[in-house]
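An overview of the molecular structure
Next come the chains, spelled out residue by residue.
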Amino acid sequence: MPSPIKDFIAGGFGGVCCVSAGQPLDMIKVRIQTMPRPLPGQSPLYKGTFDCFTKIVKNEGFLGLYKGMAAPLAGVAPMFAICFFGFGVGKRLQQKHPDDVLTYFQLFKAGMVAGVFTTVIMAPGERIKCLLQVQAAQGKGAPVKYNGPMDCIKQLYKEGGIRSLYRGTGATLLRDLPASGMYFMVYEWLQHILTPQGGSRSDLSVGRTLVAGGVAGIFNWAVAIPPDVLKSRYQTAPEGTYPNGIRDVFKQLMKEEGILSLYKGFTPVMLRAFPANAACFMGYEAAMKTLNYLAPNL
Ligand SMILES: CC(=O)O[C@H](CC(=O)[O-])C[N+](C)(C)C
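First things first, this report covers the structure right here in the doc. (Residues numbered from 1 in each chain as written. Predicted model: local features only at pLDDT ≥ 70, side-chain atom pairs only at ≥ 80, totals over all residues. Heavy atoms only, no water.)

**Section: the side chain of Arg208**
Here is the rule we go by: Runs of E in the DSSP output that reach at least two residues are strands. Runs of H or I that reach at least four are helices, and both are numbered from the N terminus. Each residue is assigned to one of three classes by its accessible area relative to the maximum for its type, calculated with a 1.4 Å probe on protein chains only: buried under 20%, partly exposed between the two thresholds, exposed over 50%. Contacts between residues were defined by any pair of non-hydrogen atoms, one from each residue, lying within 4.5 Å.
Structurally, Arg208 is set in helix α7 (residues 206–236). Classification of Arg208 by relative accessible area gives buried; the value is 9%. Among all residues touching Arg208, those that are not within four sequence positions of it are Gln191, Leu194, Thr195, Pro196, Ser200, Arg201 and Asp203.

Okay, here's the thing in structure tokens:
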């Protein structure tokens, strides 16, 4: 019988693996999604993923790619812990008996439950992360508003209380409910179809777990990118820019940049999605196996 505590601990370890493997490409994604629109005759700040990568390394050093990583590590490990815990809850809510096998649609719904759980941490975490990443994009010499994640939390709270910290919650839910559903359903589906006949899903196979985790990450983001673009814009805009929330962001983007702007950052997102989530599920499964060995009754 899967234990909620083990789901929580193993999920947290999966999150640490995910951030470590995915941070540089996440940085590139947010920089591309939020770069200012070039004026007529000007060339864009970043011409693409590789250009953005080389500019960050040239202007800020290699460690520039890992700027703002303390916040994701502190936020993402608990977020993944809650996410895997929430997935477990979502599954249990639909089972009459712990051994009941769920359909893929039921796994999708359990993933959506995980999405609801994670938003509590994800919404403020993403707001802080995006603000710090965009601030870093302004380069050396530009005025620094936030001196790190804690200062960012304090200032946001002072400016607008909890509401300001949680700005973008609707957009985060819009992104993470279907995306998390997809994430867990695809992972379980691939684990199932890649398990050889006569083998068991619970035998840990590194190759199968990496493929299933990596592809689950790709499917997660295929669904998540458009709401993610709206969310990043909304969460990093000065107060009052979009009085009707992401509806205003959507209208402005459609008017000024067209439908393709909803896929801004597609390349770095997809380049990150496979390794980051392969590492995440590998970390989760390895931690779960270790916990089952060390503490079978937990
Ligand atoms: C948006 C996000 O954090 O997606 C997670 C995968 C990733 O690439 O970080 C999945 N999930 C939202 C289910 C935690």
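**Structural notes on the packing of aromatic side chains**
Basically, it comes down to this: Only Phe, Tyr and Trp rings are paired, with Trp represented by its six-membered ring, and only when their centres lie within 6.5 Å; those with planes under 30 degrees apart are stacked, over 60 edge-to-face, the remainder tilted. In this scheme, Lys NZ or Arg CZ marks a charge over a ring once it lies within 6 Å of the ring centre and within 35 degrees of the ring normal.
Scanning the entire structure with this criterion turns up 16 aromatic pairs. Aromatic side chains Phe84 and Phe281 sit 5.6 Å apart centroid to centroid with 75° between the ring planes, which places their arrangement in the edge-to-face category. Note that Phe84 is positioned in helix α3 (residues 70–93) and Phe281 in helix α9 (residues 266–294), a separation of 197 residues in sequence. With respect to class, Phe84 is no different from Phe281; both count as buried. Through a chain of ring-to-ring contacts, the aromatic side chains of Phe80, Phe84, Phe87, Tyr183, Phe184, Tyr187, Phe281 and Tyr284 assemble into a single cluster. Over the face of the ring belonging to Tyr234 we find Arg167, whose NZ or CZ atom lies 5.1 Å from the ring centre.

**A look at the site of the ligand**
Just so we agree on the cut-off: Working definition: residue near molecule or strand if any one of its non-hydrogen atoms lies within 4 Å of it. The term polar contact refers here to a pair of N or O atoms within 3.5 Å; inside protein, the definition further demands a hydrogen-donor-capable atom paired with an acceptor-capable atom, and it admits residues adjacent in sequence only when both atoms are side-chain atoms. Computed with the Shrake-Rupley method and a 1.4 Å probe, the accessible areas treat only the protein chains shown as cover for residues.
The environment of the ligand is made up of 13 residues, and the closest members are Arg175, Asn220, Trp221, Arg272 and Asn277. In this structure, an oxygen atom belonging to the ligand sits 3.3 Å away from a side-chain N or O atom of Asn220. Taking Arg272, its side chain carries an N or O atom lying 2.8 Å from an oxygen atom of the ligand. Expressed as a share of its isolated accessible area of 370 Å², the protein-covered part of the ligand is 97%. Counting residues per element, the shell around the ligand draws most heavily on helix α6 (residues 169–194), at 4 residues.

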